[in-house]
Amino acid sequence: MSFFRRLLRRPVAVVCFAYLAALVGIAVVAPIAMPSVETQNAGDLFGANLLPGWSHLLGTDTLGRDVLARLLVGDRVTLVGVAEALITVLVLGVPLGLAAGYRGGWTDRVVTWLADLTFSLPAVVIIIVVLSVFPGSMLAGMVTFGVIAAPDLMRVVRSATLPVREELYIKAAEASGLSGTYILTRHVLSRISGVVIARASLLAAAALGLQTGLAFLNLLVAAPAPSWGGMVADGTSVLLLHPWLIASPGAAIAVTMLALSIFGDAVRDAAVEGWSPAVTRRRQALKSAAPGAAAPAEGRLLAVEHLGVSFPGGEGDLRVVEDVTFDVAAGEIVGIVGESGCGKSVTAAAVIGLLPGAGRIDGGSVWFAGTDLARARDAELGPIRGRKIAFVSQEPMASLDPAYRVGAQIEEALRCHRGLSRAGARARAIELLRDMHFADPAAVARRYPHELSGGMAQRVGIARALAGEPQLLIADEPTTALDVTVQAEILELLRELQLTRRMAVLIVTHDWGVVADLCDRVVVMYAGQVVERADVRPIFDSPLHPYTEALLASNPHLAPEAATLPVIPGTVPPPGSWPAGCRFSARCRYSVAACTELAVAIEAAGGAHETRCLRHDQLARA
Amino acid sequence: MSTRPLLSIDRLRVEYPVRNRPPFTAVDDVSLAVGPRETVGLVGESGSGKTTIASTVLGFVPAAAGTIEFDGEDIAGADRGRRRRLSASLQVVFQDPYSSLNPARTIGKTLAETLRPHGSPSRPEVAQRVASILERVGFEPAAANRYPNQFSGGQRQRIAIARALIARPRLVICDEPVSSLDLSVQAQVLNLLRGLQEELGLSYLFISHDLAVVRHVSTRVVVLYRGRVMEAGPAAVVYEQPAHPYTRALLESVPIPDPDRQRARRAARPRSAPGLPVTAARESCRFAPRCPWAVDVCREREPPAEATTEGVLVACHRWREWATVRSREKI
C-alpha cells in the first residue's frame, strides 16, 4: 500500500489535511480576491465591534472592519511565516544532526557545542533585537526563530541517527562503496523520517505560537495589514467590552496548531507503517468458560490443553498457535522443537502470560498447580510468575538491566519473591551465583551486565530466575546466542539444577543436539501445531512424523561429507496461509492425495508416542 | 599452492584503543591466504578476533601491523576511492539478517544500490540484474517490491547473499552467515553458497563459531583463540583429528543429535570452572588458563606454530604427546 493510501485510511489525518490544504488555498486566493483588505485602515466606524450577523459573518473589529475578511487575508502572512521558520529549522537541523550522529568525533563535538551555545541564548530577547534591526520583517523574525529552534531538531536527529549508524546494513552499504551522502539520505534519513516529521510539526506549531506573540506585540506586521496575532491584540484592547473579538483569531490559531501537530503524528505513523513492528497491548485473560474445565490429573505440573494464540493482523486476527496440547511432570525436562515461525516461542511465552505485541490466548487452557493461567487475572498470575514459573530468554544481555549491578538485580528478585531482608538477600544472591559455578561469586555480583560475557550473563539470568525457587523453568533458546563451549556449560548447569532441585524445565530449541543432551520428552511443532510427541529416544530412533524425520536429516552436524546437505524443500508457510489438510503436506515426501483433503488429528501411535500423520503406520514400517 | 592467492593476510595485528591503558590487541600475528575458488573457514569463539579480521579486510578497522593483499595489491591502508573500486570484487554477508537489511527500503532498492558505485547501468539493466539474482537465490522477481519484514530470517539471509553477489565479486567475506538461522535452514543457505561458488567461481572467507558447519563448506580451516592462530590446515584433517586442545574442546562442545552417545560424551568431557575472564600472562600460551592439559611450560612460553605430517600448523607445546594419546584412544 502506498504512503498516501495509508495516510488516507486515517480519518483524523484526512480532516487535518483538508483543513491545512484549505488554509493554503485561502492564503493564495484571499489576498487576490480581496485586495483592499490589506491596506484598509478603517471600515464603517459606526458599525464597529458588531456581533456576528448576516452582513458580517464574524462581526467587525474596533475600527469597523470585517473580521472574516481580515482573518482570511491574514492567513497568508501567517502561513508564509510558519513556512520560513520550518524551512530554516529543517535546513539547519537535519543535516547537522545527521552529520553529528553519523560522523561522530570532531564533527559531533563541534555541532553539539554550537547547539549547547544556542540553547543558552535568551531566544525572545534575540528575536526582539533582530526585529529592531529589521522592523516589521516576518522573514527576519521567523528565520531567527528557525536558527534558535534548529538545535532542538538537530538533537532529535542526532540521537535517532546514533543507533541506526550501528546497523549492519549501513556497514554493508559502506562495504559496497556507496558514498556517505548516499547512505545518509537513503538509509539513515528513511529510517528516522518518523521522528523528524513529528518533531518538525511540533516546531511548526511553536513557530505559529511565537509568531502570534510577536504580532500581538506589533513587532511583525505593520498596521493596517491583517495578521492573526494582530487581530488578537486588537481584541485584547477591548477584552472587557467585546470579548468575542479575540474568539475567531484565537480559534484559528489554536485549531491550526492542533492540526499541525496531529497531522505530523499521522504522517509519521503512515510513513513508518509499511515496515515497523506492531504496538504492544496489555495482556488479556481469556474470558470464556473453559470447555470441560476440569483440572487435570495429579502428577502433572503443567498441562497445556488445546491452546490457541492469535495476533491481530491486517484482515482480522491471525491464529499462530492452534490446538497445542502437552504436559510437563515435576522434575522433568521437556523440549519444544521446530523451525522458526512454528509457534514454539509463542507457546512458551503464552504459558507465562508474556505474549509479545498484541498477541492473546484465544482458546484452550494452561493448567498449573490447580490454576488455569489462560483465565487467570493479572493479580492471580503475579504470585505464580517468578515464584512458581521462571523464564530465561534467548538474549542474556538484553534481559539484564544495564544500569544496575548484577548482584542487585538478583537481590531485587529475592526480596520480592522470598521477602528476604537486605542482608539476607545479599548473602543468598552470592550463594545462587556460587551455585552457577562462578569461581568468585562476590566479584561477579559487583559487576555491571556490560562487564560480563554472554555466557556469564546467561548464568546470572538463570541465577535470577532461580531466586523464587520455581518449580518450572521456561527457557526460550537459552543457548542459541552463545558459543558452543559456553553452550555446553549452560546445558550442564541446567541438567544439574534439574537433578539437585527437582525443577522441571521446558526448553524451546531448534537444535537436536540440545534435545539429545538434555530432554526427557520432546514436543515437535510445525506451523502452529504439535505434530509429534514422544520420549526422547523414540523421537531420534523412530520418528513417526515426516517433519521430524526431515528436520533430523537436515541438521548440518549430522550430515555426511557430501556435495549438498540434505534440506527440507520450501519454507514453513506463514500463519494465515496454512493449507486445509496436513500443514506439512506441501513439503512432505510421503504426501498422498488424502493428506491435503482434511485436517489431520493427532493420534496415539503406541505407548506415549503421538503423531499427527495419516501415514504413520507406513512410516514406522519403512 | 601454485596459483597466487586472491587474498593474502600476512602477520596481521589489529589493536583497539583503550582509554588510559595500553591498546587491546584483538588480532595478533595472524597470517592466512584464500586462493581463487577456495573457501577458508575462520573458526573461534566470540572474542577470538575473527570478526575483527573481516572488518580489517573490509577497511572498517585499521591494521596496526602486517599486510593485507588482495589480488597482489596491498589494501590495508586503501583510501575511499580504492575501497570504492575494490567493493566490486570484495563483498560481505553479515551474521544478523535482521540488522543487515534496511527495514525502510524495499528489497529491490537494497539490491540495486550495490551497483551504483560501479558504472551507472541503465534502469532496465539494473531491474534485469535484480530480477535474475533474486531468481538465483530462490525468489520471484516480484520480491523486489517487498520490505524485509515480510521475510523470515533464512529468506533475509538469501537476500543478503544476493546483495553481495549482484556486483559479481570475486571474494565474499561471510561473517557468521548461518549462525542465527535454524539448523534446518542453515543447510539451505550452505547449499546455496556452495552452488554459487561453483557457478560464479567465488572465493569465500567463511567465519563461524561452529566447526561442524565450517567443515562442510571449507577447503581449509584456521582456528583462532584470543587473536592468535591455534591451528590451521585442511578442513577434513582438522575436523577429524584435531591437533590442538582448543580445537578439540570446540568439537566436543557441540552436542550431537543422539541421546545415548551425547550423554556418554558429556560424562566424559573434562570440566572447567567458569571464572571471570582470566588474562594469560603475556608470554604464556593464551589457551593455558582454560586448557585441561596445561603444564608449566605452557604458562612460561608462547608455543611456536609447528607443522605436522598432515600439513597442519599447530601452536601447542604438547601436540606430539597429544598425537600419541589420540592414536591410542582410537584403538
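Just so it is clear, the model here is predicted, and its values are computed rather than measured.

**Here we look at the overall build of chain B**
Looking only at helices and strands, chain B has twelve helices and twelve strands in total. Expected size for 331 residues packed as a compact globule is a radius of gyration near 20 Å; at 21 Å, chain B falls within 12% of this value. In terms of its C-alpha atoms, chain B occupies a principal-axis envelope of roughly 65 × 50 × 45 Å. Summarising the internal contacts of chain B: among those between residues at least 6 apart in sequence, 63% fall at separations of at least 24.

**Points about the overall build of chain A**
Assigned secondary structure in chain A consists of 21 helices and twelve strands. Relative to the globule expectation of 25 Å for 622 residues, the C-alpha radius of gyration of chain A, 33 Å, shows a markedly less compact shape. For chain A, the spread of C-alpha atoms along the principal axes amounts to about 105 × 60 × 55 Å. For chain A, the proportion of its 622 residues judged to be buried stands at 48%. At a minimum sequence separation of 6, the contacts of chain A that also span at least 24 residues come to 66%.

**Examining the sheet that holds strand E12 (residues 610-611) of chain A**
Residue and element names in this part refer to chain A. Pairing is mixed across the open sheet formed by eight strands, whose spatial order is E6-E7-E8-E3-E9-E10-E12-E11. Two strands in the sheet have a free side with no partner beyond their single neighbour: strand E6 (389-392) and strand E11 (603-604). The pairing of strand E3 (residues 333-337) with strand E8 (residues 504-509) spans five bridges and is classified as parallel. If you follow Ile 336 over to E8, its bridge partner there is Val 508. Contacts between helix H16 (residues 454-465) and the sheet are confined to E6 and strand E7 (472-476), with E6 contributing the most and set at about 170° to the helix.

**Here's the deal with the interface of chain B and chain A**
Opposite the 59 residues of chain B that make contact, chain A presents 59 residues. Broken down by element, the side of chain B that touches chain A gets its largest block of residues, eight residues, from helix H6 (residues 183-200) of chain B. Residues that form the side of chain B that touches chain A fall into these classes: 26 nonpolar, 21 polar and twelve charged.

**Details of the domain arrangement of chain A**
Looking at the assigned domains, one finds that chain A contains domain 1 (3-273), domain 2 (395-468) and domain 3 (544-621). Computed from C-alpha coordinates alone, the two centres of domain 2 of chain A and domain 3 of chain A are separated by 42 Å.

**Notes on the sheet that holds strand E2 (residues 21-34) of chain B**
Residue and element names in this part refer to chain B. The antiparallel open sheet is built from four strands, whose spatial order is E2-E1-E4-E5. One side of each edge strand has no neighbouring strand; the edge strands of this open sheet are E2 and strand E5 (73-74). With two bridges joining them, strand E4 (residues 65-70) and E5 adopt antiparallel strand pairing. For Phe 70, the partnering residue across the bridge sits in E5 and is Glu 73. Relative to strand E1 (residues 7-18), helix H1 (residues 50-58) is tilted by about 105°, and along the sheet it contacts E1, E2 and E4.

**Some points on the pairing of strand E3 (residues 39-43) of chain B**
Residue and element names in this part refer to chain B. The element E3 is extensively covered by neighbouring structure, given that five of its five residues are classed as buried. Alternating residues of E3 divide into Thr 39, Gly 41 and Val 43 and Val 40 and Leu 42, and every residue in both groups is buried. The sheet contact formed by E3 and strand E8 (residues 203-208) spans five bridges and is parallel. Bridge pairing in E8 links Val 40 to Leu 205. Bridge count for E3 against strand E9 (residues 220-225) is four bridges, and the pairing is parallel.

**Observations regarding the environment of Gly 180 of chain A**
For Gly 180 of chain A, the location among the structural elements is in helix H8 (residues 180-216). When the C-alpha positions of Gly 180 of chain A and Val 29 of chain A are compared, they lie 43 Å apart, and in sequence the two are 151 residues distant.

**Remarks on the confidence of the model for chain B**
Of the residues in chain B, 94% reach a pLDDT of 70 or more, and the chain-wide mean stands at 87. When mean pLDDT is taken per element in chain B, E3 of chain B scores highest with 95 and helix H12 (residues 319-330) of chain B scores lowest with 70.

**Here's the deal with the packing of helix H13 (residues 406-418) of chain A against H16 of chain A**
Residues and elements named next belong to chain A. Relative orientation of the contacting elements H13 and H16 amounts to 20°, with a least axis distance of 9 Å. Taken together, the axis directions place H13 and H16 in an arrangement best described as roughly parallel. Between H13 and H16 the crossing geometry is right-handed. Facing Val 406, Gln 409, Ile 410 and Ala 413 of H13, the residues of H16 in contact are Val 460, Ala 463 and Arg 464. Per-class residue counts for the contact of H13 with H16 are five nonpolar, one polar and one charged.

**Quick word on the pairing of strand E1 (residues 300-312) of chain A**
All names here are of chain A. Judged from the nine bridges that link them, E1 and strand E2 (residues 317-329) form a sheet pairing that is antiparallel. When the bridges of E2 are listed, Val 309 appears paired with Val 321. Pairing geometry for E1 and strand E4 (residues 360-368), over seven bridges, is antiparallel. Residue pairing in the sheet places Val 304 in a bridge with Val 366 of E4.

**Quick notes on helix H3 (residues 67-103) of chain A**
Residue and element names in this part refer to chain A. With 37 residues, H3 ought to run about 54 Å at 1.5 Å a step, and its terminal C-alpha atoms sit 53 Å apart, in line with that. The sharpest bend along H3 reaches about 30° and sits at Gly 74. Among the 37 residues that make up H3, 27 are buried, leaving the element largely enclosed by the rest of the structure. Looking at the residues trailing H3, positive phi occurs at Gly 104, about 65°.

**Some thoughts on the nonpolar core**
Leu 153, Ala 207 and Ile 474 of chain A together with Leu 205 of chain B are the most contacted members of the largest nonpolar core, which has 275 residues in total. Examining the composition of this core, we find that 16 residues originate from one element, H3 of chain A, more than from any other. The residues touching Ile 474 of chain A, leaving out its near neighbours within four places in the chain, are Ala 348, Val 351, Ile 352, Ile 389, Phe 391 and Leu 506 of chain A.

**Focus on the packing of helix H6 (residues 138-165) of chain A against H8 of chain A**
Residues and elements named next belong to chain A. The geometry of H6 relative to H8 is characterised by a closest axis approach of 9 Å and an angle of 155° between their N-to-C directions. The orientation of H6 relative to H8 falls into the category roughly antiparallel. The handedness of the crossing between H6 and H8 is right-handed. Along the lines of polarity and charge, the residues of the contact of H6 with H8 split into 18 nonpolar, three polar and three charged.

**Structural notes on helix H9 (residues 228-237) of chain A**
Within H9 of chain A, seven of the ten residues are buried, leaving the element largely enclosed by the surrounding structure. Every buried residue belonging to H9 of chain A is among Trp 228, Gly 229, Gly 230, Met 231, Val 232, Asp 234 and Gly 235 of chain A, and all of these are buried.

**Digging into unusual backbone geometry**
Within the chain, Ala 369 of chain A stands out as a residue other than glycine whose phi angle is a positive 45°. Tracing the backbone shows Ala 369 of chain A in the loop between E4 and strand E5 (371-372). Classification of Ala 369 of chain A by C-beta neighbours within 10 Å gives partly exposed; the count is 13. The residue Asp 71 of chain B is not glycine, and still its phi comes out positive at about 55°.

Reading the values: the criteria
Starting afresh in each chain, residues are numbered from 1 along the sequence in its written order. Here the convention is simple: chains get letters from A, ligands get numbers from 1, in the order in which they are written. Local features are withheld for residues below a pLDDT of 70 in this predicted model, meaning they are given only at 70 or higher, and side-chain atom pairs are given and counted only at 80 or more; totals for whole chains, interfaces and linings count all residues. The numbering of helices and of strands both runs from the N terminus, where a helix is a DSSP run of H or I of at least 4 residues and a strand a run of E of at least 2. Radius of gyration means the value over C-alpha atoms here, while the globule rule gives 2.2 Å times the residue count to the 0.38 power. Residues are defined as contacting one another if the C-beta atoms placed from their backbone atoms lie within 7 Å. Whether a residue is buried, exposed or partly exposed follows from its count of other C-beta atoms within 10 Å of its own C-beta, namely 20 or more, 12 or fewer, or something in between, respectively; the C-beta atoms are built from the backbone. A pair of strands is treated as paired once DSSP finds two or more bridges between them. Angles here are taken between N-to-C directions and fall from 0 to 180 degrees, while the axes themselves are lines fitted to C-alpha atoms, restricted in helices to the stretch in contact. Under the scheme applied here, ten amino acids are nonpolar (Ala, Val, Leu, Ile, Met, Phe, Trp, Tyr, Cys and Pro), four are charged (Asp, Glu, Lys and Arg), and all others, including Gly, are polar. Start and end positions for the domains come from either an automated domain assignment or a database one. Think of pLDDT as the predictor's per-residue confidence, scored from 0 to 100. The cut-offs work like this: below 35 degrees is roughly parallel, past 145 is roughly antiparallel, 65 to 115 is roughly perpendicular, and the gaps in between are oblique. In this scheme, a crossing is called left-handed if the near helix is turned counterclockwise away from the far one by less than a right angle; it is called right-handed if the turn is clockwise. Between the first and last residue of a helix there are one fewer steps than residues, each counted as 1.5 Å, and that sum is the expected span. To get the bend at any residue, fit one axis to the seven residues that end at it and another to the seven that begin at it, then take the angle between the two axes. Structurally, a nonpolar core is described as a collection of buried Ala, Val, Leu, Ile, Met, Phe, Trp, Tyr and Cys residues joined by way of C-beta atoms within 7 Å.

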